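# Observations on the three-dimensional arrangement
Chain by chain, the residues:
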Amino acid sequence: SDIVYRKCFCSDMRERHRAGFRRYVETGQARLIGSRIEIDAMRRGGETFPVEMTMTETVIGGERLFAAHLRDISDRRRAEADAAAQRERMQGLEKLSALGTLLGGVSHELNNPLSIILAQSTLLLEKAREPDMKRRAERIHGAAERCARILKSFLAMARQKPRARERSQIV
């Protein structure tokens, strides 16, 4: 059985396996016999890989024989990791979609009062006679235009479509 240990079990598992095997032979207490576990095994070159292991005991002619069956589960682990990565990407996309919906809703809601501020500041600019009042109206109008640009960029992000400029004929 030492040959089997050297060929397939990683060094940290060898002693645990030996101790468990000794305990079973001496006391009959089995933790692994008849169970299926996942452990790391070692290839000839020293590379470790995940395996599923089952151990069985058979008595033939009064002699106890033990067999360990190992199945390489590297592909299954890779598939599980790929599935987890895909789930993570999907969650990220769902968050982005929710953010886009939120941005679109907030932008539309803010556009209405912003339109009133832009219209009123334009009217105030036209009607202002005093330089101080005109300067204040210009500042309000400039800030409102800046907010409108920010909201337009939010809407563009929410739509997730690139802006396109087209020629049009105004009649």
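The notes below deal with the structure included here. Small disclaimer: the values here were computed from a predicted structure and weren't measured.

## Observations concerning the side chain of Ser107
Relative to the helices and strands, Ser107 is located in helix α3 (residues 74-127). Once residues lying within four places of it in the same chain are set aside, the contact partners of Ser107 are Leu151, Phe154 and Leu155.

## Details of the packing of aromatic side chains
Summed over all chains, the structure comprises 1 aromatic pair. Here the aromatic rings of Tyr24 and Phe66 are separated by 5.8 Å at their centres, their planes lie at 85°, and the arrangement is edge-to-face. You can see Tyr24 sitting in helix α2 (residues 11-27) and its partner Phe66 sitting in strand β3 (residues 63-72), a full 42 residues away along the chain. The buried category is assigned to Tyr24, whose relative accessible area is 11%. The ring of Phe49 has Arg43 lying over it, and the distance from NZ or CZ to the ring centre is 3.8 Å.

## Side note on helix α4 (residues 131-159)
For α4, with 29 residues, the first-to-last C-alpha span of 42 Å sits near the 42 Å given by 1.5 Å per residue. Turning to α4, its buried residues are Ala137, His141, Ala144, Ala148, Leu151, Leu155 and Ala156. Against α3 lie the buried residues of α4.

Procedures and definitions
Residues numbered from 1 in each chain as written. Predicted model: local features only at pLDDT ≥ 70, side-chain atom pairs only at ≥ 80, totals over all residues. Heavy atoms only, no water. Helix = DSSP H or I, 4+ residues; strand = E, 2+ residues; numbered from the N terminus. Contact = heavy atoms within 4.5 Å. Phe/Tyr/Trp six-rings, centres within 6.5 Å; stacked < 30°, edge-to-face > 60°. Buried < 20%, exposed > 50% of the residue type's maximum accessible area, 1.4 Å probe, protein only. Lys NZ or Arg CZ within 6 Å of the ring centre and 35° of its normal. Expected span 1.5 Å × (residues − 1).

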